[in-house]
Amino acid sequence: MLSIQLDADYLEREAPIEVDVEGYSVLYIYYGGPGGGAEAATIEAAEAGTVELDAKGQRRLFFITAPIALIGLNITGGNAGGEGGGGLLVYGGSAHLNLCNLYSNTAGSSGGGVLIAASGSGSATFSNCIIINNNAATAGGGLFIFTGGSATLTDSHVSSNVASLGSDLYAQASSSVL
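Parameters and conventions
- Residues numbered from 1 in each chain as written.
- Predicted model: local features only at pLDDT ≥ 70, side-chain atom pairs only at ≥ 80, totals over all residues.
- Heavy atoms only, no water.
- Pairing = 2+ DSSP bridges.
- Helix = DSSP H or I, 4+ residues; strand = E, 2+ residues; numbered from the N terminus.
- Buried < 20%, exposed > 50% of the residue type's maximum accessible area, 1.4 Å probe, protein only.
- Core = buried A, V, L, I, M, F, W, Y, C linked by side-chain atoms within 4.5 Å.
- Contact = heavy atoms within 4.5 Å.

**Side note on the pairing of strand E10 (residues 88–91)**
The pairing of strand E7 (residues 62–64) with E10 spans 3 bridges and is classified as parallel. Looking at the pairing, Phe62 lines up with Leu88 of E10.

**Remarks on unusual backbone geometry**
In this structure, Leu99 is a non-glycine residue whose phi angle is positive, near 55°. Examined against the element boundaries, Leu99 turns out to sit in the loop between strand E11 (94–98) and strand E12 (101–103). You can call Leu99 partly exposed: its relative accessible area is 40%. The residue Asp155 is not glycine, and still its phi comes out positive at about 50°. As for its position among the elements, Asp155 is in the loop between strand E19 (150–154) and strand E20 (157–159).

**A closer look at the nonpolar core**
Phe62, Leu70, Leu73, Leu88, Leu97 and Phe126 are the most contacted members of the largest nonpolar core, which has 28 residues in total. The element best represented in this core is strand E5 (residues 41–45), accounting for 3 residues. Apart from the residues lying within four places of it in its own chain, the contact partners of Leu70 are Ile43, Phe62, Ile75, Leu88, His96, Leu97, Asn98 and Cys100. Within the second largest apolar cluster, 5 residues are counted, among which are Leu115, Ala117, Ala139 and Phe144.

Below you can see the structure in the form of structure tokens.
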């Protein structure tokens, strides 16, 4: 298992985190490998809320195809361009977020904050998370779940997001939200 612990010093880095795990590239904007074959990973702030990952409107922050845990991170400024998942795109992998804040992310289609894709039955769990002030052009300003995808929210807050359909949360038919 890969484990990366971030502290406030990370904020002064200009380059993204790069780690190689058994031939798979891990970049703070991408985790996984072809077919999602990478090992499980954890990216954790040394103290919850002290590390802000800010893409400054330049790109999506996370593209996930393998199991990952994100703990205590502020995820902001992501921009997926004409695609979905401005802050986080779970594409057939699984993401477990705890004590994370996702805010001010943008998508030109769906899932301004988070998009959970059905490919490979993408899934995400959110515990004690806040998803606010994200924007999507079409649906799910905060959270969009494709058919076949699933999301579980526990003690989490989703509000003040903007989209044409389902400003905070949009789940397609046959998707699961608990």
